[in-house]
Each structure stands twice: as structure tokens, then as C-alpha cells.
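Fold and contact review
Chain residues, written in single-letter form:
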Amino acid sequence: MDYVAPETVADACRALDADGSHCLAGGQSLVAMMNLGLATPERLVSLRRITELRGVAPTPDGGLRIGAMTTHAELADLAPDSPAATLLAQAARVVAYPAVRNRGTLGGSIALADPAADYPVALVAIDAVIELVSATGRRNVPAREFFRGMFDTVLTRSEIVAAVRMPRSPEGAGAAYEKLSLVAGDFAILSVAAIAGDDLRVAIGGYAMTPLLVAGLDPAGEVREQAARELARLPAPPGDQRASTGYRRRVAPELVRRAVHAAMRARHA
Amino acid sequence: MRDPDTAARRSPPRLDAADKATGRARYADDIRLPGMLHAAIHTSQQAHARIVACRTDAALALPGVHAIVTGADIAGTRWGGIVKDETMLARDKVRYVGEPIAAVAAIDAATAIRAAAAIEVDYEPLRCVLSPDAALARDAPLVHEGFAAYVKTVDGGGHGNIVFETDVAEGDVDHAFAQCDAIVEGTFETQAQHHVYLETNGCVADVDASGRITLYASCQSVHHAQQRVAEELGEPMARIRVIATRVGGAFGGKHASNLHSIAAWLARAARRPVKLVLSRMQDFEVQRSRHPARIWMKTGARRDGTILARDVRVTLDGGAYADESPAVLAFALLMSRGPYRIPNVRAHGAVVYTNKLRAGSFRGFGNPQATFAGESQIDDLAASLGIDSCELRLRNAMRAGDTAFGGQPVASCIVGDALMRVRDAQRAASPLSPREGTQRGIGFAVMSHISGLMGTSATVQLRTDGSIALATGCVDIGQGADTVMVQMCAELLGVPIERVSYAQQDSDVSPYNWKTAGSRSTYMTGRAVSVATIEMRQRMIDQAAQMMECAAADLELVPGGAVGLVGIPKRVSFKDIALHSLFRSGGPIAATHGFVFDGPGFDPKRASIHRLAFANLGVYTFGAHCVEVDVDTATGAVAVRRAWCAHDVGHAINPVSCEGQIQGGFVQGMGYALTEALHWNDDGWLTTTTLADYKIPGALDVPPDIHAIVLEDPEPSHPLGAKGIGEPSLVGAAPAIANAIRAATGVRLTTLPMTPERVLDALETR
Amino acid sequence: MREHNVRCTLNVNATMRDTLVRVDATLLEVLRENLDLTGTKRGCNHGVCGACNVLLDGTLVRSCLMLAVDVGERAIVTVEAVAGARPFSDVQRALIDAGAIQCGFCTPGFVMALTALFAHDPRPTRAAIRAAISGNLCRCSGYVKIVEAAERLAGVAP
């Protein structure tokens, strides 16, 4: 196996443009898979020296741009200046365990696109935009289009996630992230991210292989019933070792209700 | 009243704590020997299949491979606790996915793994059976066609896929049920739990120029491991030496294993040391689990709450090899009456072979399964009678002087006190504020266990400087046995514990001990230590009498390490005594004591016992739990908010260690109750093979307050009154939680683990 | 190609250590096999149990999930070095005295997690303690005495 640690994005992308090449960001998923014999990359392209991928900075339009190599620990400490930042911080805080949060990255997590992960749901609710970069250029993809399926995204072989852009949040909106798991620190059985401003954006994870927006919710009404009706239109959720299809279907509306309720409570004038 | 300053009353820090805290403690994987090779195992990819061919050429051809062993190389000696059905490696067929077929020793771990993967096995798949129901179906394939020819040290009547059947009965159950005003009946199902010791199974086998093996093993008994390795290698035990490493947890999953023999075989073949440490995945797949069980139980009482009868049928899923199954079955049946004075009890059980990982010894040993059923049913019986469940328990609780199920007299029993202690502690505690969306319930369970079993011994010697050398064969698996042995010896000699050294367990020199299991170490080996120490103390006094030219009866032990005249300030130190014995007269002063458990035994006039795998056991211990849970009625999630666990330990040699065992056992029981389960797919592959799939409780999943209440009702047959505590607290956790869920929501869950999904299912159908 | 060894210089316990490693070797493996620092333990090798915790530039990380070649110049501290010149650090002493150590296999990982916590916050609350050790599995103790040890160190518990 080869290992390279380029200093520029362009070099990294060029190195990735070969069979068997794999990005190494925080390593919290990849190295675990390598240790279990589930991944055998021919070449690892470490992103740790690329300063361009780091840093959190406000954008001119009042949003936030978060570098792909930002760790979960750094995100957990994001100042709650906006509902989007609050939501992302809440999600970051419940990823795995402290030691994993110190190394795992936003970019690594979303590039992996595990259906049971925490960020994808939050980013879809936030309506974030994923900045992708390759040796030849850049492109921006809305979060809701970035995730295609289980461990599947729109990333091409030689593209990496450069940053995540969060739009300016509605004034005074409230945000909440609800995660249901068997034990603390585990992957989610289901997770729901909600931002409640003048309108309500709610995304659910674990209900399909990608995060889903739950439309048509009116917080003034019976959110649980509304969510049940909306979700009933969708294909049945997956069944796995953690929970069956039936359990996810029964519990999802309540989780949506809790997230919406919490987001509504978190609003201020 | 004991002097609180004596060594045994205090809880000195454990002897090994400093090394463990600083990373110096040496576990099997920390051992490095010059020229050491690494071993890897090739395991079965089929749940049930004939091995048609096994080719090792490709593996042997890899550079750095030093030795390979397959089933064809071994004599095929069969090993087993009671039914000897297992060979060191699979020979003609494989019986579970993960069964070792071959093993390789190579220059490094990566090469060994590659070589093991390069071994080619051709299988002729056979139909597999993955549950007792499937295994007992009319045309089920036989897991062990040659079963009839296997050696069995106890006749268990096994046939077909039935390994062993046992019956224990007292009184006339059918007649008694006819007198009952209330009868409850139910079937309970429990799962395969895995030990998940933090340190996986491993060992290092060294070999000398003559081929004699020294095995450094993470194990529960050097003598037991030595016996197995000797048998499987076809060597006399004198040619096999086993030394216990520091053990990173065992819980029943690390007694004699074919892994030890495999490492030893490879070392002998390669003429170099060989390290074999299982990965976490392999440890899940290869070794042992707890027996899944189906328990049908029926209990009846009179209107006034007197329980008259209980009928029990237990089916244990034994997996592919018998291992300790007959004994687990025996204990499950013996514990199925619970700590109650029920005069009419009938218990029948069977262990069945299936094509899964062997089920074997695991903290509780059949008792968790039986008590989950029994203590759940007691609550249901109480509800049906309209009596408070604690009240029902207290009315029927055993008392000192009663007999256990099987007829053994029970000299000390404070189960009623234990229950009242936890009930009162919960009532006295400030109420916890309710959590939105949850319903709160309080649940109780009582439990009984044993600590007297099999054989053990201890030796103690006086050193030249008057300090003491203590040795036993009892391996400390993390529960603190080393420290309590030293404490007992030190207390009986009136010296600080620093004056007593404790030898590492080494089969070349350590006096025999069966194994660390059955909560038996403090009682059994501790009793041997105590008696040996008392004997040596007497010899020292006799020596001092000679030195001081007086009668031994005029002398007493002086705290601090001396012997003196009663009432007169004239004494000789232990050092004086030692020097006199070594250089003047008498000879070196030492003592040894060994015994096999000598309790009263089962009473054939009282109990009808048919095919029980135990000859004798006893020294009953008792405990009670009270738990508070919050049930999230929309998700089914159960949170244990607080727990009180009261356990009788006879006499707490190290109270802090007792508390640690109680708390740890309770949490392992919480995992059993709520989240842990091994899963197999339809082809017999274990799908829970990592800690990401198999979830044990973490710090945020356990209540901050698990109150361990250490009760002391001294055991007369132990010089210091001590009994065991290793297992009981796990036993009562699941039923206490199940009862609390029922109290909170009205639903009775009868299947473990009580996952959120199962709880929600029950809530929605109530 | 997999057996390709590279020279790797690691800053471990304030000492520069030069060693030859496989490219896919984890930091855990290199610490234990190449550098004879066996205090850091392998409990699962996939990041869940926490027995492999070390400090990397002062932050708690899983050594089983780091490739040795990816560490660079960052400073690693293992359990062998937390006491400095003393026999025990305060965290180690607290665990010993509280009876929080049973089989001990998880202990180095907890020592590192608590060391990281107390370096950041000398008087953590019970909630902060439980959160700090939420990534460390212990099968023996039920966590109770580990939390008590930390509370005593924080000056909060009896």
C-alpha cells in the first residue's frame, strides 16, 4: 500500500484519480474498516496537510463556510450564532465518542454517506451546499442532491469535499436534533433534524438510504399525525439488526414531533 | 464485633492496581519472547459440512511460515466437561461457522493471517440446525452422529441432538397445583449473550529444547488448561506448564480452550515460541456464548399467598459442542425454585446441539435464565393474588435452616432481610423528577447462588525474615482474588498485608485449584488459605514455645508479627521463629490445606434427582435488587434510573471489591436485560461480530447510582465467615428490570433482551 | 506492495523514536510492537472500546484508528508517561484508591480519557465526567467507582 500526504487540493485529486486510491481524512471510519479487513486500499491520500480544507469562516451572505477537515469536536464547539450552527453542533455532539470526535471530520463523514450517520440529516435540514473540488475545477451541490444511497454520493473518483456552506438562517429560528439509538454513542436507528423559522424544514435519517425531507408539516397542528401521513407515502424504511422496518415506521412520527417541538421551543423573537 | 483495623476489614488497594494503572501489568498480548512466532486460525465457513479436503500447500509456500496444523495431524482426542465431544481442530466435519479447522505459525501476524487465509478447504455442505426446535424436528440432521460412542463422565441420557437431560423434583407437584387458588403459567425466552471481556482470548506458548511446553495463558485455571493441553497434545501433564498472565476479564469465557492446545502444538512443531491472540471478531465467532434458553414455568399458590408448587421445563441451546452444558443445565434447574420455601417442585431440562457457537460457562451459569423466569412469574402471581410482590416474596422466603432445592441444608439465609433493605432504601431515597413522555416503575427480584464447589488448596510458608509466602492455584480474573487471599492470610497472622507475598499461578508449583468460577474463590480457596494459615500459625506458636521454654497454651499472637506470653511482655518475632526453625531445630515452617467441597450434599429422601451433572455444591448466597426505570412509551426505550443491590457475602474481606463486583455484575445484567444479543443469519453466520454490532452498556447507559449494599451473615464453615459474590448480582438484574417495566406500563415482557422494539410491541398490544 | 515498509519518526512521550513501519500499520500496533510500549491496549481494533486511547497533541484519540505514517510531527503521550517523574499521576492514584480497577485491561484507556478531561477542566461535574468516559467500555466495574474516583479528584464527592 502506498501513502501520500499532498499539500494541495490539486495534488490530492490527481493522486485520487487511480484505481484503488482512497482519501484519508480523520480515519475514524476508514481505518476501522481496514482493521476489519473490509477495505483494502492500494493507495491512501491523506488530506491532513492541506490547509485549504480547514477553517470555519462566515460567508458574505451571513452564512457559514466550514472546511471539510473540521472535526466533530470543533463542530460541537461551534458558537450557536445561528440555528444552523446550533443544529450542526447538536449533531456533532452525538457522533460516536469523544476520542472519535477529536479526529473524525465533517468531510469524511459526509463522503462516506452512512445512512445511520448524523451530519447528512442535519445538512439536508439546513439546506447546506457541499463544495466539491477536483484537479480541474469546483462545483457546488445541494446537500439533498449530494447523497445518493447507502455509502453512495455524487463524488467522482477524483473529487473531494472541500467545504460545506450553510446559508444564512431565518432570523430567530429554532433548531433541534433528535437521535434514537440503542445505546449512547451508537449509530442512529432514526434521527430527525428540524429548523423552525417562519417555515419548518425537517429532515429524517435512517428512514431510507439517504436523508429525506419531511414536507407539509404544520407545527400548529398534530405534528405526529401529519408526519405519519407524510412518511406513509414513502417506501418502507429499512430493517436491520438495530430495528425492524415496522419499528422505524412506528417511531419516526414521534421522533419528528419531538424535534419539531424542541425546535419551536428554541425559537426567539 | 470485629476490630475494624484488622487487614480484613479494611479495603486496601488491590495488589495489582498500581501495575494496571500505569500500563505495566502484563497480559498475554504484552508478552514478547525471543524468536516468537504469531499464530492465526483458519475457521469454518460453513455451519455444518463434511470436510472433503484441506490443502495447505499454498500456505506452506509463503515465506515466513514455520508450522501448520490441521485436523489430520492430531490424534483426535475428545475433550469436554462431561460429554467429551470436541477435538482440538475440526476433523471430518465442521459444526459451526467459526470452528477452527487449521492453524498457522508465521514470522509475524500479517503473514500468519495471509497464510491462514491461503489454506483451502473443500466442504460438502450438510443441512444445519440453528435452533433447538429445528434440532429436535423429526428428520433433523445429527450434529454429532458419533455421539453414542463419546465418553461421558456422567450419564445424561443424550440421544439424537439431545446432549443431556436432567430431572429434579421434590414433593408432588400435580397434587399441589390442585390445592392452589391462583396459578400462573408462562414461557420465557432468553438470548445468547457474549462475555465481551475487554481482553480477547490469547496465550503465548514457549517450548524448550526437549519440547516441554510453557504456556502463558489468559485463563481461569492453570491446572485445567494444563490438563487440556496435555490431553490434546498427547503428553503427560509433567511436560506441560501453564502460567497465568494478568487476565483482562473472563466471566466464564476463558477456561480451558482448544486455543491453548493449538498454540502449544504450533510451538512444539516450530520449536519456537508462538503467540495466539484472537481478534475481537474471531473471539465472538470462535469461543463461547451464554446458553439461549426457553423456560416454561408454572407456579401456584393458595389465596393467602403461600406458594405450594412450581413446575419448570428448560430447553438450553447448547451450540455445536457440549462444553459445560450439562452443568449449566443442572444449575439452571437447581436455581429454578428460587430462594423460596416451595415444597413441591418439578424441574426438567434438556440441552440440545445446534450448529452454532458452543454455549458454555458465563457468569450466572444457568441461573440468570431460570431467575428471569422465576422472578418475573412471582410478580405475576402476586398480581393475580392481589398481594404486593415484596410481601409475597417475604411470606415465602427461605430462612436459615431450610433446605435448598435438592435437599441441601442452608445454614445461613438472609434473603428476606436483603429484600427489605433494598425496598426500604428505595422508599427512603428522594424521588427522582419524572421525565416527559415516560412512565416510571419500580421492580424487585431476589436471587440465590452458591460459592462451594469442587476442589482447591493453598500453601503458606514462613520466610527467613519472618515474612510469609502464600501460594494458591486461584487465578485472579480481575475480581480481586489475589488481594483477598493475602488479606485473609495477613489477618490471621496479625501482620500488615505487605508482609505476605503471593505467587503467580504456575502449574509447576501452585497447589491445585479447579478454576476461578462459580463465585467460589473467596469461599473455597479462601477457606484453604485460612486453614493453612491457621495451621502454620500453630506451628509457629509451637516453635516459639520451644524457644521460650513454655507451653504453647501460654502463648498468643501479637499484632505486628510476633508471638508472646499472655499477660507478660516477652515475645519472639516471626523472624526469630523462622531463624530458629531454619538453623536450630524443627525445620522450615510451612503448611498446606486442600479439600473438595464437603457440604452436606443432596438429600435423596427429599429430592428425586435424575442425571444431575453436579455431585455436590453449596454454600448458598442470597441477594435482592430494586430498580427504578423510566419507560419511554413512544419509543419503548427503557432507562434504568437507580438501582439498589443487596447481597450477603458472609463476611466482606474487601468491602470495596465486593461493591465493585456487585455493581459490575448488575451492569452486565443490564446488558443482558436490555441490549445484548448475538444474532445468526439463516446460514448460521454470526452477524454480530464487532462491538459496533454487539452493544454492551457504556457509562452513559448506566444509572449514576448503583447502590451496592454489602450484607454479612457469616458462613460457619469458613474461618473468616466469607462467601462468594462474583455472580449473584448479574442474576437478578433482568427480572428486576422486567418487573419494573411491568409496574410502569402493565406489560409483561418474556423475551430477552427487552429492546425498545420489543417493549413498544408489548405496549401496543396491551 | 502491502509489505512495503517505510521509515517513520514519531514523537512519543517526549522522545523522538525512529522506526520502520508497514504503511498500513496503526499507531497502536507501532506503539506496542515496534516501540515496546505495551501499556496501550487493543480491545477491539475498530475504535469502539477505548482501550487504545492515547493523547495526540493533548487531545484524546484512538491509536487503533490512526495510521502511524499519518501522525507526522504531532506529539503522542501514552499511559506510560502520564505520571512524569512521579510514581503515579493524580488520575492514576485516584483510580487505585477508589477501588475502580478490576481486571485492569480498560484502565489505561480510562487513565488517558480522564487525563485529557482534567487537563481541560480541573473541577468537572459528574455529567462532564460521564461524558468524558462515554467512549470507554468497562465490563467489570459498571463505571460507578471510576466516576467516583474522578469526582474525588475533582473535589466534589466524599
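Residues numbered from 1 in each chain as written. Chains lettered and ligands numbered in written order. Predicted model: local features only at pLDDT ≥ 70, side-chain atom pairs only at ≥ 80, totals over all residues. Heavy atoms only, no water.

1. As for the overall build of chain B
Selection rule: To qualify as a helix, a DSSP run of H or I must reach at least 4 residues; to qualify as a strand, a run of E must reach at least 2; elements of each kind are numbered from the N terminus. The globule rule is 2.2 Å times the number of residues to the power 0.38, and the radius of gyration it is compared with is taken over C-alpha atoms. Only protein chains enter the area calculation, which uses a 1.4 Å probe; residues under 20% of their type maximum are buried, those over 50% are exposed, and those in between are partly exposed. We call two residues contacting when some pair of their heavy atoms lies within 4.5 Å. For accessible areas, the Shrake-Rupley method is used with a probe of radius 1.4 Å. Any residue's cover is judged against the shown protein chains and nothing else. The convention is simple: Lys and Arg are positive, Asp and Glu are negative, and His and the chain ends are not counted. Working definition for charges: the position is that of NZ of Lys, CZ of Arg, CG of Asp or CD of Glu.
When you go through chain B residue by residue, the secondary structure sums to 19 helices and 28 strands. The C-alpha radius of gyration of chain B comes to 27 Å, within 12% of the 27 Å expected for a compact globule of 766 residues. Oriented by its inertia axes, the alpha-carbon framework of chain B measures out at about 80 × 75 × 55 Å. Expressed as a percentage of its 766 residues, the buried residues of chain B come to 66%. The long-range share in chain B, meaning contacts at least 24 apart out of those at least 6 apart in sequence, stands at 80%. In the structure as shown, chain B presents an accessible area of about 24600 Å², 50% of it carried by carbon and sulfur atoms. Here chain B carries 74 positive and 83 negative side-chain charges, and the mean point of each set is 2 Å from the other.

2. Some thoughts on the overall build of chain C
If you tally the helices and strands in chain C, you get 5 helices and 5 strands. Reading chain C from its N end, one meets helices and strands in the order β-β-α-β-β-β-α-α-α-α. Taking 2.2 N^0.38 as the reference for a compact globule, 158 residues should give roughly 15 Å; the C-alpha atoms of chain C span a radius of gyration of 16 Å, in line with that estimate. Considered along the principal axes of its C-alpha atoms, chain C spans approximately 55 × 30 × 25 Å.

3. Some remarks on a nonpolar patch on the surface
All names here are of chain A. Quick reminder of the rule: The patches described consist of residues with a relative accessible area above 30% and no salt bridge, like charges being joined within 9 Å and nonpolar side chains (Val, Leu, Ile, Met, Phe, Trp, Tyr) within 5 Å. Salt bridge, as used here, is a side-chain nitrogen of Lys or Arg placed within 4 Å of a carboxyl oxygen of Asp or Glu.
Side chains of Met-150, Phe-151 and Met-209 sit close together on the surface and give an oily, nonpolar patch of about 290 Å² of accessible area. For Phe-151, the location among the structural elements is in the loop between strand E8 (147-149) and strand E9 (152-153). With relative accessibility at 45%, the residue Phe-151 sits in the partly exposed group.

4. Notes on the interface of chain C and chain B
Our working definition: Here's the idea: put two parts together, see how much 1.4 Å probe accessible area each one loses, and the total over both is what we call buried area. Pairs of N or O atoms are called polar contacts if they sit within 3.5 Å, as long as, within protein, a hydrogen donor faces a hydrogen acceptor (for residues adjacent in sequence, only side-chain-to-side-chain pairs). Note on residue classes: Ala, Val, Leu, Ile, Met, Phe, Trp, Tyr, Cys and Pro are nonpolar, Asp, Glu, Lys and Arg are charged, and everything else, Gly too, is polar.
Across the boundary between the two partners, chain C contributes 45 residues, which contact 54 residues of chain B. The largest per-residue losses of area from chain C upon contact with chain B belong to Gln102(C), Arg130(C) and Arg139(C), which jointly make up 22% of the total buried on that side. Linking chain C to chain B there are 9 salt bridges. A salt bridge links Glu659(B) to Lys145(C), with the nearest nitrogen and oxygen atoms 2.6 Å apart. In this structure, the connection of chain C to chain B is made through 22 residue pairs in polar contact (both at pLDDT 80 or more). Only helix H1 (27-34), helix H2 (90-97), helix H3 (107-120), helix H4 (126-132) and helix H5 (144-154) of chain C provide two or more residues apiece to the side of chain C that touches chain B. Grouping the constituent residues of the side of chain C that touches chain B by class yields 21 nonpolar, 12 polar and 12 charged.

5. Thoughts on the pattern of salt bridges
If you walk through the whole model with that rule in mind, you get 81 salt bridges over all chains. Residue Arg42(C) pairs with Asp29(B) through a salt bridge whose shortest N-O separation is 3.2 Å. Taken together, the residues span two chains, with Arg42(C) in the loop between H1 and strand E3 (53-56) and Asp29(B) in the loop between helix H1 (17-22) and strand E1 (37-43). Owing to a relative accessible area of 14%, Asp29(B) belongs among the buried residues under this scheme. Here Arg241(B) and Asp508(B) are joined by a salt bridge, their closest N and O atoms 3.3 Å apart. Of the two residues, Arg241(B) sits in strand E12 (residues 240-244) while Asp508(B) sits in the loop between strand E20 (500-502) and helix H14 (521-548), which places them 267 residues apart along the sequence. With a relative accessible area of 24%, Arg241(B) lands in the partly exposed category. Exposure remark for Asp508(B): the relative accessible area of 38% places this residue in the partly exposed category. Within the structure, one salt-bridge network assembled from shared partners comprises Asp29(B), Asp30(B), Lys275(B), Arg32(C), Lys41(C) and Arg42(C).

6. Some remarks on the interface of chain A and chain B
At the interface, 17 residues of chain A touch 20 residues of chain B. Of the roughly 1700 Å² buried between chain A and chain B, counting both surfaces, carbon and sulfur atoms make up 55%. The interface formed by chain A and chain B contains 4 salt bridges. Where Asp186(A) meets Lys695(B), a salt bridge forms, and the shortest distance between an N and an O atom there is 3.7 Å. Our count for the chain A to chain B interface comes out at 8 residue pairs in polar contact (both at pLDDT 80 or more). Each residue belonging to the side of chain A that touches chain B can be placed in one class, and the counts come to 9 nonpolar, 2 polar and 6 charged.

7. Describing the domain arrangement of chain B
Residue and element names in this part refer to chain B. The following threshold applies: Marked domain ranges trace back to an automatic or database domain assignment.
Taken domain by domain, chain B comprises domain 1 (17-24 + 454-596), domain 2 (31-126 + 201-277) and domain 3 (293-452 + 602-764). The straight-line distance from the C-alpha centre of domain 1 to that of domain 2 is 38 Å. On the domain 2 side, the residues contacting the 20 residues of domain 1 number 19 residues. The junction of domain 1 with domain 2 conceals about 1500 Å² of combined surface from both sides, 47% of it contributed by carbon and sulfur atoms. The largest share of the area that domain 1 buries against domain 2 comes from Ile-477, Ser-507 and Lys-515, three residues that together contribute 36% of it. In this assembly, domain 1 and domain 2 are joined by 4 salt bridges. For the interface between domain 1 and domain 2, the tally reads 12 residue pairs in polar contact (both at pLDDT 80 or more). Class assignment for the residues of the side of domain 1 that touches domain 2 results in 6 nonpolar, 8 polar and 6 charged.

8. Comments concerning empty space enclosed by the protein
Residue and element names in this part refer to chain B. Spelled out, the test is: For cavity detection a 1 Å grid was placed over the protein atoms alone, and a set of points counts as a cavity when a 1.4 Å probe fits there but cannot get out; an open set counts as a pocket when protein lies on both sides within 12 Å along at least five of seven lines, with lining residues being those that have an atom within 4 Å of a point. Grid points are joined across faces, edges and corners, and a volume is the space filled by probe spheres set on the points.
Under the counting rule described, the total for this entry stands at 12 cavities of 30 Å³ or more. Of the pockets and cavities examined, the largest cavity occupies roughly 630 Å³. If you list the elements that add at least two residues to the lining of the largest cavity, you get strand E17 (438-452), helix H13 (481-493), H14 and helix H16 (655-674). Here the element with the most residues in the lining of the largest cavity is H16; it accounts for 3 residues. Considering only residue class, the lining of the largest cavity consists of 18 nonpolar, 21 polar and 6 charged. Taken as a whole, the second largest cavity encloses approximately 110 Å³ of empty space. Partitioning the lining of the second largest cavity into residue classes produces 10 nonpolar, 3 polar and 2 charged.

9. A few points about the sheet that holds strand E5 (residues 100-106) of chain B
Residue and element names in this part refer to chain B. We apply this condition: Pairing between strands requires that DSSP locate at least two bridges from one strand to the other. Interaxial angle, 0 to 180 degrees, is taken between N-to-C directions of lines fitted to C-alpha atoms, where a helix line uses only the stretch in contact.
Reading across from one edge, E3-E5-E1-E13-E10-E11-E12 is the order of the 7 strands in this open sheet, with mixed pairing throughout. One side of each edge strand has no neighbouring strand; the edge strands of this open sheet are strand E3 (65-70) and E12. Adjacent strand axes in the sheet meet at a mean angle of 20° when their direction is disregarded. Bridge count between strand E10 (residues 202-207) and strand E13 (residues 274-277): 4 bridges; the pairing is antiparallel.

10. Side note on the packing of aromatic side chains
Residues and elements named next belong to chain B. So the rule is basically this: Between 30 and 60 degrees the pair is tilted, below 30 it is stacked and above 60 it is edge-to-face, where a pair is any two Phe, Tyr or Trp rings, Trp via its six-membered ring, whose centres lie within 6.5 Å.
Under the counting rule described, the total for this entry stands at 10 aromatic pairs over all chains. Measuring from ring centre to ring centre gives 5.4 Å for Phe-284 and Tyr-694, while their planes differ by 55°; the resulting arrangement is tilted. Here Phe-284, found in helix H8 (residues 280-286), pairs with Tyr-694, found in the loop between H16 and strand E28 (705-711); they are 410 residues apart in sequence, far enough to count as distant. This pair shows no difference in class: Phe-284 is buried, exactly as Tyr-694 is.

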